[in-house]
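# Fold and contact review
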Amino acid sequence: MSDDPQTGRRITLAITGASGSIFAVELLRLLAADVRVAHVDLVVSEAALRVLAEEMQLSGRTGLAEKLVPGNTLKIKQHTDENIGANIASGSYPSDGMIVLPCSMGTLAGIAHGLASSLVQRAADVTLKERRPLILCVRETPLNLIHLRNMTAAAEAGATIFPVMPTLYNHPQTVDEIVRNFVHRVLAHIGLRQAGAYEWTGE
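Predicted model only: the values in this text are computed from it and were never measured.

### Let's talk about the overall build of the protein
Within the protein one finds seven helices and six strands. Scanning the protein from its N terminus toward the C terminus, one meets helices and strands in the order β-α-β-α-α-β-β-α-α-β-α-β-α. A compact globule built from 203 residues should have a C-alpha radius of gyration of about 17 Å, and the protein, at 16 Å, falls within 12% of that. Principal-axis analysis of the C-alpha atoms gives the protein an extent of 50 × 45 × 35 Å. By the burial criterion, 49% of the 203 residues in the protein qualify as buried. Of the roughly 10,100 Å² of accessible surface on the protein, a fraction of 53% belongs to carbon and sulfur atoms.

Below, the structure written as structure tokens:
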């Protein structure tokens, strides 16, 4: 990851068609506000657009970043999932890592088997081949054997499997607290620890 304060981190965020879009919105909000992050490449799959409409009452393909993070989109570049010629589809494009949140089982399968049939899958494939951090925030339950084997394959290729599992030991009082704590943990995993993040201190 880049430590140059003049350039900052360049992060790719992919939102795919699993339940849990509220987590992605919070992550994007924090990335947009973080002075250590210089640029965010955002990819939203077709299925994710449907989930965003259902769960967040957000519709439309264009101007989605502005709807997700009103007034704070200067560092966000949105790509369509069909645009396999986008910058993040090439290993020559500088990136400090990629987060897929939430990561559907279909997306997981495509990444685990190197299909690269969409921009999300291709960008993840590039992230793995360039040995950059790839965090797959998988979201499904219960898990069948295919899901488990795909997670194993992705992990063996270098991805981090980071299931969307809320914590309760911090005694959250609201859904927002649950979402925020999970997102804080994801960001800490790529070296972007957030101020005020909960830390277990023991007894």
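### Focus: a nonpolar patch on the surface
A surface patch of nonpolar side chains, about 250 Å² in accessible area, is lined by Leu143, Leu145 and Leu148. One can find Leu148 in helix α6 (residues 145–156). You can call Leu148 partly exposed: its relative accessible area is 40%.

### A short note on the packing of aromatic side chains
Each aromatic ring pair is summarised here by two numbers: the centre-to-centre distance and the angle between the ring planes. As enumerated under the stated definition, the model contains four aromatic pairs in all. With centroids separated by 5.9 Å and ring planes inclined at 45°, the aromatic side chains of Tyr169 and Tyr198 adopt a geometry described as tilted. You can see Tyr169 sitting in the loop between β6 (160–161) and α7 (175–189) and its partner Tyr198 sitting in the segment after α7, a full 29 residues away along the chain. Residue classification places Tyr169 among the partly exposed residues on the basis of a relative accessible area of 40%. Residue Tyr198 is classed as partly exposed on the basis of its relative accessible area, which comes to 37%.

### Observations regarding the state of the cysteines
Scanning the model with the defined rule gives zero disulfides in all. Cys103 carries a free sulfur, and the closest cysteine sulfur to it, the one in Cys137, is 8.0 Å from it. Judged by relative accessible area, which is 0%, Cys137 ranks as buried.

### Remarks on the sheet that holds strand β4 (residues 98–103)
Here we have six strands laid out as an open sheet, ordered β3-β2-β1-β4-β5-β6, and parallel in their pairing. The sheet is open, and its two edges are formed by β3 (76–80) and β6, each paired on a single side. Sheet topology note: the strand β5 (residues 134–138)/β6 ladder contains two bridges and is parallel. Each residue of the ladder has a partner; that of Leu136, found in β6, is Ile161.

### Regarding the pattern of salt bridges
Applying the stated criterion to the full structure yields seven salt bridges. Two residues, Glu46 and Arg61, come together in a salt bridge whose shortest N-O distance is 2.5 Å. A residue pair is termed long-range when its members are at least 10 positions apart, and Glu46 in helix α2 (residues 46–56) and Arg61 in the loop between α2 and α3 (64–68) qualify at 15 residues. Arg193 is the partner of Glu199 in a salt bridge, and the nearest nitrogen-oxygen pair spans 2.6 Å. A residue is classified by how much of its surface remains accessible, and Glu199, at 46% relative accessible area, is partly exposed. Take Arg193: its relative accessible area is 41%, and that puts it in the partly exposed class.

What counts, and where the lines are drawn
- Residues numbered from 1 in each chain as written.
- Predicted model: local features only at pLDDT ≥ 70, side-chain atom pairs only at ≥ 80, totals over all residues.
- Heavy atoms only, no water.
- Helix = DSSP H or I, 4+ residues; strand = E, 2+ residues; numbered from the N terminus.
- Rg over C-alpha atoms; globule rule 2.2 N^0.38 Å.
- Buried < 20%, exposed > 50% of the residue type's maximum accessible area, 1.4 Å probe, protein only.
- Areas by Shrake-Rupley, 256 points an atom, 1.4 Å probe, with all protein chains shown as cover.
- Patch = residues over 30% accessible without salt bridge, like charges linked within 9 Å, V, L, I, M, F, W, Y side chains within 5 Å.
- Salt bridge = Lys/Arg side-chain N within 4 Å of Asp/Glu carboxyl O.
- Phe/Tyr/Trp six-rings, centres within 6.5 Å; stacked < 30°, edge-to-face > 60°.
- Disulfide = S-S within 2.5 Å.
- Pairing = 2+ DSSP bridges.

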